[in-house]
Amino acid sequence: MSSRAPQDTGRDAQRLWSVDEHLADVLAAIRPLEPIELQLLDAQGCVLVEDVTVPVALPPFDNSSMDGYAVRTADVQGASEEFPAVLTVIGDVAAGSAELPTVGPGQAARIMTGAPLPPGAEAVVPVEWTDGGTGGGAAAGMTPASAAPEGSGGEVRVHRAAEARAHVRARGSDVQAGDLALAAGTVLGPPQIALLAAIGRGTVRVRPRPRVVVLSTGSELVQPGESLAAGTIYDSNSFALAAAARDAGAIAYRVGAVADDAETLRSTIEDQLIRADLLVTTGGVSVGAYDVVKEALTSVGTADDGADGGRMDFRKLAMQPGKPQGFGTIGPDHTPLLALPGNPVSSYVSFELFVRPAIRALMGLADVSRPSVRAVLEADKALGSPAGRRQFLRGKYDAHKGTVSPVGGSGSHLIAALAHADSLMVVPEDVTSLEPGAELEVVLLG
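Residues numbered from 1 in each chain as written. Predicted model: local features only at pLDDT ≥ 70, side-chain atom pairs only at ≥ 80, totals over all residues. Heavy atoms only, no water.

Enquirer: Is there a simple way to think about the pairing of strand E13 (residues 203–207) in this case?
Expert: A regular strand places its side chains on the two faces of the sheet in alternate fashion. Side chains Val204 and Val206 project from E13 onto a buried face, and the interleaved Thr203, Arg205 and Arg207 project onto a face without burial. The sheet contact formed by strand E2 (residues 36–39) and E13 spans four bridges and is antiparallel. Bridge pairing links Gln39 to Thr203 in E13. Direction of pairing for strand E3 (residues 47–48) relative to E13: antiparallel, over a ladder of two bridges. Considered in E13, the bridge of Val47 is made with Arg207. (Buried < 20%, exposed > 50% of the residue type's maximum accessible area, 1.4 Å probe, protein only. Helix = DSSP H or I, 4+ residues; strand = E, 2+ residues; numbered from the N terminus. Pairing = 2+ DSSP bridges.)

Enquirer: How should the sheet that holds strand E19 (residues 311–317) be read in this particular structure?
Expert: Strand pairs in the sheet, formed through backbone hydrogen bonds, run parallel or antiparallel to each other. Strand order in the open sheet formed by seven strands is E1-E19-E21-E22-E18-E14-E17, and the pairing between neighbours is mixed. The open sheet terminates on both sides in strands that have one partner only, identified here as strand E1 (16–17) and strand E17 (251–258). Relative to E19, E1 is paired through two bridges, and the arrangement is parallel. Across the sheet, Leu16 pairs through a bridge with Lys316, a residue of E19.

Enquirer: Can you help me understand the environment of Glu128 in this one?
Expert: Within the element layout of this structure, Glu128 appears in the loop between strand E9 (123–126) and strand E10 (155–158). Residue classification places Glu128 among the partly exposed residues on the basis of a relative accessible area of 40%. Remark: the alpha-carbon pair of Glu128 and Ala138, spanning 10 residues in sequence, is separated by 5.9 Å.

Enquirer: Got a minute to help me understand the pattern of salt bridges in this structure?
Expert: On inspection of all chains with the given rule, the structure shows 17 salt bridges. One salt bridge in this structure joins Asp20 and Arg390, with 3.1 Å as the shortest N-O distance. Separated by 370 residues along the polypeptide, Asp20 in helix H2 (residues 19–28) and Arg390 in strand E25 (residues 390–398) bring together distant segments of the chain. For Glu378, the salt bridge goes to Lys401, with nearest N and O atoms at 3.1 Å. Taken as a pair, Glu378 in the loop between strand E23 (372–377) and strand E24 (383–384) and Lys401 in the loop between E25 and strand E26 (403–406) lie far apart in primary sequence, 23 residues in all. In this structure Lys401 comes out as partly exposed when scored by relative accessible area, which is 47%. (Salt bridge = Lys/Arg side-chain N within 4 Å of Asp/Glu carboxyl O.)

Enquirer: How should unusual backbone geometry be read in this particular structure?
Expert: Peptide bonds are, in most cases, trans, and in most cases residues other than glycine have a negative phi. A cis amide bond links Leu58 with the next residue in sequence, Pro59, at an omega value of -5°. By the secondary structure assignment, Pro59 is in the loop between strand E4 (52–53) and strand E5 (63–64). That bond from Gln320 to Pro321 is cis: its omega, -5°, falls within 30 degrees of zero. Of note, Pro321 is situated in the loop between strand E20 (319–320) and strand E21 (324–330). The phi dihedral of Arg165 falls on the positive side, at around 75°, and the residue is not glycine. Tracing the backbone through its elements, the reader meets Arg165 in the loop between E10 and strand E11 (168–169). Phi at His167 takes a positive value of approximately 55°, unusual for a residue other than glycine.

Enquirer: What is the right way to look at the packing of aromatic side chains in this model?
Expert: A ring pair, where both rings are aromatic, is described by two values, the distance of the centres and the angle of the planes. Here the structure, examined in full by the defined rule, presents zero aromatic pairs. Against the face of Trp129 rests Arg160, its NZ or CZ located 4.0 Å from the ring centre. The ring of Trp17 has Arg315 sitting right over it, with the charged end atom 3.5 Å from the ring centre. (Phe/Tyr/Trp six-rings, centres within 6.5 Å; stacked < 30°, edge-to-face > 60°. Lys NZ or Arg CZ within 6 Å of the ring centre and 35° of its normal.)

Read these as geometric descriptors, not functional statements.
Written out as structure tokens, the structure is:
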């Protein structure tokens, strides 16, 4: 981890930072986590750090895509229900068969899906095109070998012709040996894990998922499931941000709300450093008398030589919601810490704009931010926005129509509105009123 950390100079403490400046400052302090070798399932959600090539062709041999009979095409040419081709069944070929019978003229072998095509055979006829060896009409399926071992012998009547290679998966039809299976930078999801397993990789070299510790602060916070006393509210921020961290690709650890006591907070943070690649706090960063995060961490890093292990900077941003923000590094490993405001919407918007990109940067991804589109505002009236502030309003985006509609008001406490939004509408700093029909940037959250 980089030892670089912001410094709380008088000039920086007074000036108003732009959203872009703050994000750039955060990302400049982030370095991708060191790669490690992981078992496949442990690597889910991680980012590859090297190209993976295919060691053997996939599939490694010609195999059947159907349950049926392996035949020579000349033997079933012109076959019909009225005049079926009658072939001698010489045995079974099951998936995993090592010793294969050779199919000669006038012969067929029962073959199962995924089984190797036996020598001499040129095509597979599905069992539904045959009588299944029963001497009757079209078969619906094969009698299990364990129940009727004699089914692997006798005769079979084939009611339809088959072209060469019909219902045969060719060797290497998926990937050839030497092909690029997955490129460095790929995020490993279930399909990618499946491909790695299919080509025989038991482990893979990746950057691990970042460990993110989320702490909410406030003596008024009560855990969900407990009873509310006078003046208390339920802690939603730590749940929201832990879930958001997981959604971003991290391993999230949620710490129950910390009371408004600076020493308690400092001690809690120190205890959490052992399992954190990134720390996120919410609440206590404004200018109130009980803004505990600012009180607890402002003094961190006052030594000129930085021997204490970090520096914190608390600043104001030209944005709404989310004006007060804190950022720095803490502890002997200079672990990044982002201190977000406590109002629920401010906290969540700040996470999306700053914490999510930090998590993605730790993962080693080049594209760290949510995708954004241009959309037309669909609203009953104009949207107001404070001059000099970049405003982020909750919205509902309609991809088919290319429109976005506001959800709820602009208050930073409106959690219900946030729960029904799927995007953030961005009103630039130099715009104070946005009329219906105007085009604007929309950050997609889903």
